[in-house]
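Here's the letter readout for the chains.
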Amino acid sequence: MLFRSPAAVYRSLLVPGTLTLARMELAGVGADPLWRSGLEVAFTEKVEYLRRRLHEFPEVKRVCVKHGLTCDPDAPKTWFNPKSPPHKEALLDECNVEVTETTATGKPKTDKRVVAELISQGYTVWKYVQALTQTRDRLSKFVIPLAHHIARDNRIHPNFKAIKVQTSSDVGADYSGGAETGRMAVSDPPMHNNVKDA
């Protein structure tokens, strides 16, 4: 679709598009509070299972000993942390993995791509590192926060923003609205970021 002027874009696209987004906000998305509560219980149990299973690996036990950590279930804050770069670096060493990529500071890379590569090479312990990290993230970033966004009508009414707009203020430029690329954005909650298989 071609537009002859910015005014044509405004009249033909932004005005009707904004009205559509407003209707979407009012309609909302159905959400079952009981289902969400059950999901939170299930994910919490899965995190606990994965954490305990991960600490059964000899490699992880050796990391715990070297770093003064414990596998005591009554002291979970001192367990091996699968999101901690130092802990993952120590696990690389215990697995005798040859480091081929490093960060700008010279530390071994332990990002998602590296973890996926280790799993493909047959390092089972890293499969549990990945699973625990993903499950924790889904619980803390999706399942638990969702409870605060379910309205009395058992629906979620997110805030849709059609386009990024710059407005002047006393302290300088203030940006609100959609993304830099021109696509719309969603907040409260950011539903476009939620995992599809949660």
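All values reported here derive from a predicted model rather than from experimental measurement.

Analysis parameters
Throughout this document, residue positions are counted from 1 along each chain, in the order its sequence is written. The predicted origin of the model limits local features to residues at a pLDDT of at least 70 and limits the giving and counting of side-chain atom pairs to 80 or more, whereas totals for whole chains, interfaces and linings rest on all residues. Hydrogens and water molecules were not included; the side-chain quantities draw on all heavy atoms of the structure. Helix and strand definitions follow DSSP, with helices as H or I runs of at least four residues and strands as E runs of at least two, each counted in order from the N terminus. Relative accessible area decides the class of each residue, using a 1.4 Å probe on protein chains only: under 20% of the type maximum gives buried, over 50% gives exposed, and in between gives partly exposed. Contact criterion: two residues are considered in contact whenever any of their non-hydrogen atoms come within 4.5 Å of each other. For accessible areas, the Shrake-Rupley method is used with a probe of radius 1.4 Å. Any residue's cover is judged against the shown protein chains and nothing else. The convention used is that axes are lines fitted to C-alpha atoms, helices contributing only their stretch in contact, and that angles between N-to-C directions extend from 0 to 180 degrees. Between 65 and 115 degrees an angle is taken as roughly perpendicular, under 35 as roughly parallel, over 145 as roughly antiparallel, and anywhere else as oblique. In this scheme the handedness of a crossing depends on how the near helix is turned from the far one: anticlockwise by less than a right angle means left-handed, clockwise means right-handed. Side-chain classes follow a simple rule in which Ala, Val, Leu, Ile, Met, Phe, Trp, Tyr, Cys and Pro form the nonpolar group, Asp, Glu, Lys and Arg form the charged group, and the remainder, Gly included, forms the polar group. Pairing of aromatic rings covers Phe, Tyr and Trp, the last counted by its six-membered ring, and requires centre-to-centre distances within 6.5 Å; plane angles under 30 degrees mean stacked, over 60 mean edge-to-face, and any other angle means tilted. By definition here, charges over rings are those cases where NZ of Lys or CZ of Arg is within 6 Å of the ring centre and within 35 degrees of the ring normal. Throughout this description, a polar contact denotes any pair of N or O atoms lying within 3.5 Å of each other; where both atoms belong to protein, one of them has to be capable of donating a hydrogen while the other can accept it, and for residues adjacent in sequence the pair is counted only when both atoms sit in side chains. Definition used in this section: a nonpolar core is a set of buried Ala, Val, Leu, Ile, Met, Phe, Trp, Tyr and Cys residues joined via side-chain atoms within 4.5 Å.

Visitor: Sorry if this is basic, but what is going on with the overall build of the chain here?
Guide: Within the chain, the regular secondary structure consists of 6 helices and 6 strands. Ordered by position from N to C terminus, the α and β elements of the chain give α-β-α-α-α-α-α-β-β-β-β-β. A burial count over the chain gives 29% of its 198 residues as buried. Intrachain contacts of the chain at a sequence separation of at least 6 include 59% that bridge at least 24 residues. Roughly 13,000 Å² of accessible area belongs to the chain as shown, and the carbon and sulfur atoms make up 55% of that amount.

Visitor: Please clarify how the packing of helix α3 (residues 58-66) against helix α4 (residues 85-94) should be interpreted in this entry.
Guide: Any two packed helices are characterised by the angle at which their axes cross and by the distance between the axes. Two elements in contact, α3 and α4, have axes whose closest approach is 9 Å; the angle formed by their N-to-C orientations is 125°. Classified by the angle their axes make, α3 and α4 are oblique. As α3 packs across α4, the resulting crossing turns out to be right-handed. In contact with E59, V60, R62, V63 and K66 of α3, α4 contributes H87, A90, L91, D93 and E94. Within the contact of α3 with α4, the residues separate by chemical class into 4 nonpolar, 1 polar and 5 charged.

Visitor: Sorry, what's going on with the packing of aromatic side chains here?
Guide: The description of an aromatic ring pair rests on the distance of the ring centres and on the angle between the ring planes. A complete count under the given rule lists 1 aromatic pair for this structure. On the numbers, 5.4 Å between centres and 55° between planes, the contact of F57 with Y128 is tilted. Pair noted here: F57 is in the loop between α2 (33-54) and α3 and Y128 is in helix α6 (residues 124-146), with a separation of 71 residues, a long-range link. Across the ring face of W79, the terminal group of R51 is positioned such that the distance to the ring centre comes to 4.5 Å. Seen from the ring of Y128, R53 lies directly overhead, with NZ or CZ sitting 5.1 Å from the centre.

Visitor: Would you explain the environment of H55 in this entry?
Guide: Of note, H55 is situated in the loop between α2 and α3. Excluding residues that lie within four positions of it along the chain, H55 makes contacts with V60, K61, C64, T70, C71, W79 and F80. Polar contacts involving the side chain of H55 include one to the main-chain carbonyl oxygen of R51, which spans 2.8 Å.

Visitor: Please explain the nonpolar core as it appears in this structure.
Guide: It is characteristic of soluble globular proteins that their nonpolar side chains tend to be buried jointly. Judged by nonpolar contacts, the single largest core of 31 residues is most densely connected at L54, V60, F80, L91, V125 and W126. The set of elements that each furnish at least two residues to this core consists of α2, α3, α4, α5 (112-120) and α6. Per-element accounting of this core gives the leading share, 9 residues, to α6. Apart from the residues lying within four places of it in its own chain, the contact partners of V60 are L54, H55, F80, L91 and V125.

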